[in-house]
Amino acid sequence: MGAWQDFRKAFGGFFVTARQMIRTVTGDGLVTTRYPQEKRTKPERFHGRHVLNRYPDGMEKCIGCELCAGVCPARCIYVRGADNPADDPVSPGERYGFVYEINMLRCIFCGLCVEACPTEAITMTHLFELSVTDRDDAIYTKRELLVGEDGTPSHPQEPNRLIDLAELELADGWMRATSPSGRAAYEGVVAWTPSAGVGLRPPEAGQSAAGAVGSDRDAGAAGSDDVDERGQTQP
Ligand code: SF4
Ligand code: SF4
């Protein structure tokens, strides 16, 4: 009995390793995905590569306000605004994004730029395959970021097994899930503008739809917000 226990102590770990190797080879009990042969379905709110959107009439949504650059914790956005030409405006505002760059090597894909943007110009997509062979290529400019007049996004690399350009048309879901102030009272309320190519994105089903009880809407709170001295809505 003592010898058997000694044997188990000495070789028990090997049996665990061998069993796991066999399960891996046979595909039973895999905990990883065979990427890139198999790609997992991403969450609806996945934060991937950015795009700069246009309105359905082709006008650029970016007004060059630099709020996205100001809020970016990685300091990886560079924006320069310019006055719109009176005879051929680029955006509906007074100004437009004359220069727009994101250094993807520094981006942490937090989405704060998307939340800060007052015009929903910058949004994130589901594409994260961004490998480059030259550091300069990781700096995405308007040429890569701005969608075409019909809303078609562009990408510096050709589509292949890794790069599914259709993922560039899937927007992250923050603005579809919530509404101004992110309050449950506005769940299902569309409070954003349509974009070229995709039109008006529908809202997601929010937490109330998943079974939450007693939402603000049920309580009739949508029209009863308290506003503090800074003009911000209080719950
Ligand atoms: S996702 Fe975050 S880190 Fe990346 S550009 Fe936007 S704000 Fe900056
Ligand atoms: S993307 Fe949005 S936040 Fe950034 S400069 Fe353009 S309008 Fe302003």
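Refer to the structure above for everything that follows.
Conventions we followed
- Residues numbered from 1 in each chain as written.
- Chains lettered and ligands numbered in written order.
- Predicted model: local features only at pLDDT ≥ 70, side-chain atom pairs only at ≥ 80, totals over all residues.
- Heavy atoms only, no water.
- Salt bridge = Lys/Arg side-chain N within 4 Å of Asp/Glu carboxyl O.
- Helix = DSSP H or I, 4+ residues; strand = E, 2+ residues; numbered from the N terminus.
- Buried < 20%, exposed > 50% of the residue type's maximum accessible area, 1.4 Å probe, protein only.
- Expected span 1.5 Å × (residues − 1).
- Bend = angle between axes of the 7 residues up to and from the residue.
- 1 Å grid on protein atoms, 1.4 Å probe; cavity = no way out; pocket = protein on both sides within 12 Å on 5 of 7 lines; lining within 4 Å.
- Points joined across faces, edges and corners; volume = space filled by probe spheres on them.
- Nonpolar A, V, L, I, M, F, W, Y, C, P; charged D, E, K, R; others polar.
- Near = heavy atom within 4 Å.
- Pairing = 2+ DSSP bridges.
- Core = buried A, V, L, I, M, F, W, Y, C linked by side-chain atoms within 4.5 Å.
- Contact = heavy atoms within 4.5 Å.
- Phe/Tyr/Trp six-rings, centres within 6.5 Å; stacked < 30°, edge-to-face > 60°.

**Student:** I would appreciate a short explanation of the pattern of salt bridges in the present structure.
**Tutor:** Pairing between side chains becomes possible if they bear opposite charge and their charged atoms approach one another. Applying the stated criterion across every chain yields a total of six salt bridges. E129 serves as the salt-bridge partner of K39, at 3.4 Å between the closest nitrogen and oxygen. With K39 in the loop between α1 (2-26) and β1 (50-52) and E129 in the loop between β4 (122-124) and β5 (139-140), the pair connects residues that are 90 residues apart, well separated along the chain. Using a relative accessible area of 32% as the deciding quantity, one classes K39 as partly exposed. According to the relative accessible area criterion, E129 is buried, its value standing at 7%. With its nearest N and O atoms 3.9 Å apart, the salt bridge here joins E167 to K39. Taken together, the positions of E167 in the loop between α4 (142-145) and α5 (174-177) and K39 in the loop between α1 and β1 put the pair 128 residues apart, joining distant regions of the chain. Residue E167 is classed as buried on the basis of its relative accessible area of 11%. When salt bridges that share partners are traced, they join K39, K42, E129 and E167 into one network.

**Student:** Sorry if this is basic, but what is going on with α1 here?
**Tutor:** For α1, with 25 residues, the first-to-last C-alpha span of 35 Å sits near the 36 Å given by 1.5 Å per residue. Of all the bends found along α1, the most pronounced is centred on F11 and spans about 50 degrees.

**Student:** Teacher, can you tell me more about the layout of surface pockets here?
**Tutor:** Take a probe with the size of a water molecule and roll it over the atoms, and the empty space left behind shows itself. Size it by volume and the second largest pocket reaches roughly 180 Å³. The residue makeup of the lining of the second largest pocket, split by class, is four nonpolar, two polar and four charged.

**Student:** Explanation requested: the site of ligand 2 in the structure shown.
**Tutor:** Close contacts around ligand 2 come from 14 residues, with C62, C65, E66, C68 and C117 the closest. Taken together, the residues of the shell around ligand 2 sort by class into eleven nonpolar, two polar and one charged.

**Student:** Can you walk me through the pairing of strand β3 (residues 95-103) in this structure?
**Tutor:** Bridge count between strand β2 (residues 77-83) and β3: seven bridges; the pairing is antiparallel. Each residue of the ladder has a partner; that of V79, found in β3, is Y100. When β3 meets β5, the two strands line up antiparallel, connected through two bridges. In the sheet register, I102 faces β5, and the bridge partner there is Y140.

**Student:** For this particular structure, what's the right way to read the sheet that holds β2?
**Tutor:** Pairing between the strands of a sheet is mediated by backbone hydrogen bonds and can be parallel or antiparallel. If you trace the three strands from one edge of the open sheet to the other, you get β2-β3-β5, paired in antiparallel fashion. Edge positions in the open sheet fall to β2 and β5, since each of these has one partner strand only.

**Student:** Explain the nonpolar core here, please?
**Tutor:** Side chains that are nonpolar tend, in soluble globular proteins, to be buried together. Formed by 23 residues in total, the largest nonpolar core has its most connected members in L52, C76, I77, Y100, I102, I122 and L145. Among the elements of the structure, α2 (67-71), β2, β3, α3 (112-116) and β4 are those that each provide at least two residues to this core. In this structure, I102 is in contact with H50, C76, I77, I122, A138, I139, Y140 and L145, ignoring residues within four places of it in sequence.

**Student:** When you look at the packing of aromatic side chains in this model, what are you seeing that I'm missing?
**Tutor:** Given two aromatic rings, one states the distance between the centres and the angle between the planes to describe the pair. Evaluation of the coordinates by the stated rule reveals seven aromatic pairs. Both rings, one in W4 and one in F7, keep their centres 5.7 Å apart while their planes meet at 25 degrees; by these two values the pair is stacked. Taken together, the residues span about one helical turn, with W4 and F7 both in helix α1 at a distance of three residues. Classification of W4 as partly exposed rests on a relative accessible area of 48%. Summarising the aromatic geometry, the rings of F7 and F15 are spaced 6.4 Å apart at their centres and angled 55 degrees between planes, so their arrangement reads as tilted. Here F7 falls in the partly exposed class, since its relative accessible area comes to 35%. In this structure F15 comes out as exposed when scored by relative accessible area, which is 52%. Taken together, the ring pairs in this structure connect W4, F7, F11, F14 and F15 into an aromatic cluster.

**Student:** Can you walk me through the side chain of N53 in this structure?
**Tutor:** Looking at the element boundaries, N53 is found in the loop between β1 and α2. N53 gets classed as buried once you look at its relative accessible area, which sits at 9%. Excluding its chain neighbours within four sequence positions, the residues that come into contact with N53 are E60, K61, E120, A121, I122, T123, L146, V147 and S195.

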